[in-house]
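Letter by letter, the chains look like this.
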Amino acid sequence: MNSTGSSFVYVTYIRTTPERLWQALTEPEFTRQFWADTVQDCDWKVGSSWKLMIPDGRVADAGEVLEIEPHRRLVLSWQNQFKPELKAEGFSRLVYSLEQQGEMVKLTVTHQIGRPGSQFIEKVSGGWPIILSSLKSLLETGESLEATRRWPEGI
Amino acid sequence: MSDKPKFVYVIYIASSPEKVFEALTNPDLTEKYWFGFRVAAAGPAGSTFTARSPGGEKFNKGVILESDPPRRLAYTWHPQYDHDKHERPSRVTFDIESFRGQVRLTIVHDDFDVGSKMFEGISRGWPAVLSSLKSFLESGQTSDPSWFYEAVKKAEEEAQADRVQA
């Protein structure tokens, strides 16, 4: 964190290939398993709209594709659509960076917003570790973490 | 917010608190996922913590500050390599909790002096060690030590490049 913005960074190493990791990050049959039964509505081109939809069809977060380099890098703008106080913080920037390192792929997730003390960044800081842990489990063992397979009730 | 460096990392593992605690403290297990390092941390508070490199040298020694199996473990961290030795010991704390059928492992590494070089090193090292721990407990897969050294070296080069750019 610095004086002008808030950010969250998470690094994990996954025994997989960049191609499979990319597929898991973008395709609904994977995200449903590790990302609380959500799917992304996007055609994965620069400038395309991006939406994260929960199982009942509501849009949880929305933005657009800012940069895309398949199997290596994806940058999204990202705004929460659920909570007025989080939506009011405006767009954040999410970067996925994938890099083969020996038998593992290093995945770096950086989520930042241009305001100090962001409630939104605090919120996602609590969510990313379990989602990314579950993604790693899914790719390495074939099974995501049980706690991430359903959208939490009442949200 | 304090200016003192503090590293925090959370990882969820399909395992039990007992298995996670044992994997963090038993050198026969750490050797399998911690890139060949033998880490001995099973003693009570006040006893010695050691980590030996794959070559057998004492890489790190400290004192167990807290041991509450299988929930909490804390020790001082004082690498013995020449370039690290001058820094005073820092502190590593693990919290192990059951969370909806999984384990939530939180590591906090803090009590560094401002501007600590070692802080940069451990910030690169822990994600690799804990990723490897998770793979080991969930799939039995062990990690080739050369991968770890390559990952840390690469991260150091990137950090160096960032500093030059800045």
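Note that the structure is predicted; figures quoted are calculated from it, not measured. (Residues numbered from 1 in each chain as written. Chains lettered and ligands numbered in written order. Predicted model: local features only at pLDDT ≥ 70, side-chain atom pairs only at ≥ 80, totals over all residues.)

**As for the overall build of chain A**
Move 1: Secondary structure assignment for chain A yields four helices and seven strands.
Move 2: Radius of gyration (C-alpha) of chain A: 15 Å, near the 15 Å computed for a compact globule of 155 residues.
Move 3: Looking at chain A as a whole, 34% of its 155 residues are labelled buried.
Move 4: Put simply, 48% of the contacts in chain A that link residues at least 6 apart link residues at least 24 apart. (Helix = DSSP H or I, 4+ residues; strand = E, 2+ residues; numbered from the N terminus. Rg over C-alpha atoms; globule rule 2.2 N^0.38 Å. Buried ≥ 20, exposed ≤ 12 C-beta atoms within 10 Å, placed from the backbone. Contact = placed C-beta atoms within 7 Å.)

**Side note on the packing of helix H4 (residues 119–141) of chain A against helix H3 (residues 117–139) of chain B**
The angle between the axes and the distance between the axes are what describe a pair of packed helices.
Move 1: Two elements in contact, H4(A) and H3(B), have axes whose closest approach is 11 Å; the angle formed by their N-to-C orientations is 50°. The angle between H4(A) and H3(B) places the two elements in the oblique class. H4(A) and H3(B) meet at a crossing whose hand is right-handed. Here Ser133(A), Lys136(A), Ser137(A), Glu140(A) and Thr141(A) of H4(A) come into contact with H3(B), specifically with Lys134(B), Ser135(B), Glu138(B) and Ser139(B).
Move 2: Residues of the contact of H4(A) with H3(B), tallied by class, amount to no nonpolar, five polar and four charged. (Axes fitted to C-alpha atoms, helices over the stretch in contact; angles between N-to-C directions. Parallel < 35°, antiparallel > 145°, perpendicular 65-115°, else oblique. Left-handed = near helix turned anticlockwise from the far one by under 90°. Nonpolar A, V, L, I, M, F, W, Y, C, P; charged D, E, K, R; others polar.)

**Structural notes on the environment of Ser134(A)**
Move 1: In this structure, Ser134(A) sits in helix H4.
Move 2: What makes Ser134(A) buried here is the crowd of 24 C-beta atoms within 10 Å.
Move 3: For the pair Ser134(A) and Thr148(A), spaced 14 residues apart in sequence, the C-alpha to C-alpha distance is 6.9 Å.
Move 4: Setting aside chain neighbours within four positions, we find Ser134(A) in contact with Phe34(A), Ser144(A), Leu145(A), Thr148(A) and Tyr12(B).

**Remarks on the interface of chain B and chain A**
In many reports, interface size means the accessible area that the parts give up when they come together.
Move 1: Opposite the 22 residues of chain B that make contact, chain A presents 20 residues.
Move 2: Of all elements in the fold, only strand E1 (7–13), H3 and helix H4 (145–165) of chain B reach the threshold of two or more residues within the side of chain B that touches chain A.
Move 3: Here the side of chain B that touches chain A takes seven residues from H3(B), the largest share from any one element.
Move 4: When its residues are assigned to classes, the side of chain B that touches chain A shows nine nonpolar, seven polar and six charged.

**Quick notes on the sheet that holds strand E6 (residues 92–101) of chain A**
Residue and element names in this part refer to chain A.
Move 1: Reading across from one edge, E1-E7-E6-E5-E4-E3-E2 is the order of the seven strands in this open sheet, with antiparallel pairing throughout. Both edges of this open sheet fall to strand E1 (6–14) and strand E2 (39–41), since each of them pairs with a single strand only. Going from strand to strand, the sheet's axes swing by 25° on average, the running direction of each strand aside.
Move 2: One ladder, built from nine bridges, connects E6 with strand E7 (residues 104–113); its direction is antiparallel. Looking at the pairing, Gln101 lines up with Met104 of E7. (Pairing = 2+ DSSP bridges.)

**Here's the deal with the packing of helix H1 (residues 17–25) of chain B against H3(B)**
All names here are of chain B.
Move 1: At a minimum axis separation of 11 Å, H1 and H3 run at an interaxial angle of 125°. Classified by the angle their axes make, H1 and H3 are oblique. Pair H1 / H3 crosses with right-handed handedness. Contacts between H1 and H3 involve Lys19, Val20 and Ala23 from the former and Leu133, Phe136 and Leu137 from the latter.
Move 2: Residue composition of the contact of H1 with H3, by class: five nonpolar, no polar and one charged.

**Some points on the environment of Arg88(B)**
Move 1: Mapping Arg88(B) onto the fold places it in the loop between strand E5 (72–77) and strand E6 (90–99).
Move 2: Counting along the chain gives eleven residues from Arg88(B) to Trp77(B), while the straight-line C-alpha distance between them is 8.7 Å.

**Focus on the sheet that holds strand E7 (residues 102–110) of chain B**
All names here are of chain B.
Move 1: Strands sit in the order E1-E7-E6-E5-E4-E3-E2 across an open sheet of seven strands; the sheet is antiparallel. Both outer strands of the open sheet, E1 and strand E2 (38–40), are each paired with one neighbouring strand and no more. For this sheet, the mean angle separating the axes of adjacent strands, direction not counted, is 20°.
Move 2: The sheet contact formed by strand E3 (residues 48–52) and strand E4 (residues 58–68) spans five bridges and is antiparallel.

**Regarding the nonpolar core**
Move 1: Grouped together as the largest cluster of nonpolar side chains are 63 residues, with contacts concentrated most on Leu21(A), Ile13(B), Val20(B), Tyr75(B) and Leu105(B).
Move 2: For this core, the leading source of residues is H4(A), giving nine residues.
Move 3: Within the second largest apolar cluster, five residues are counted, among which are Trp50(A), Leu74(A), Leu76(A) and Leu94(A). (Core = buried A, V, L, I, M, F, W, Y, C linked by C-beta atoms within 7 Å.)

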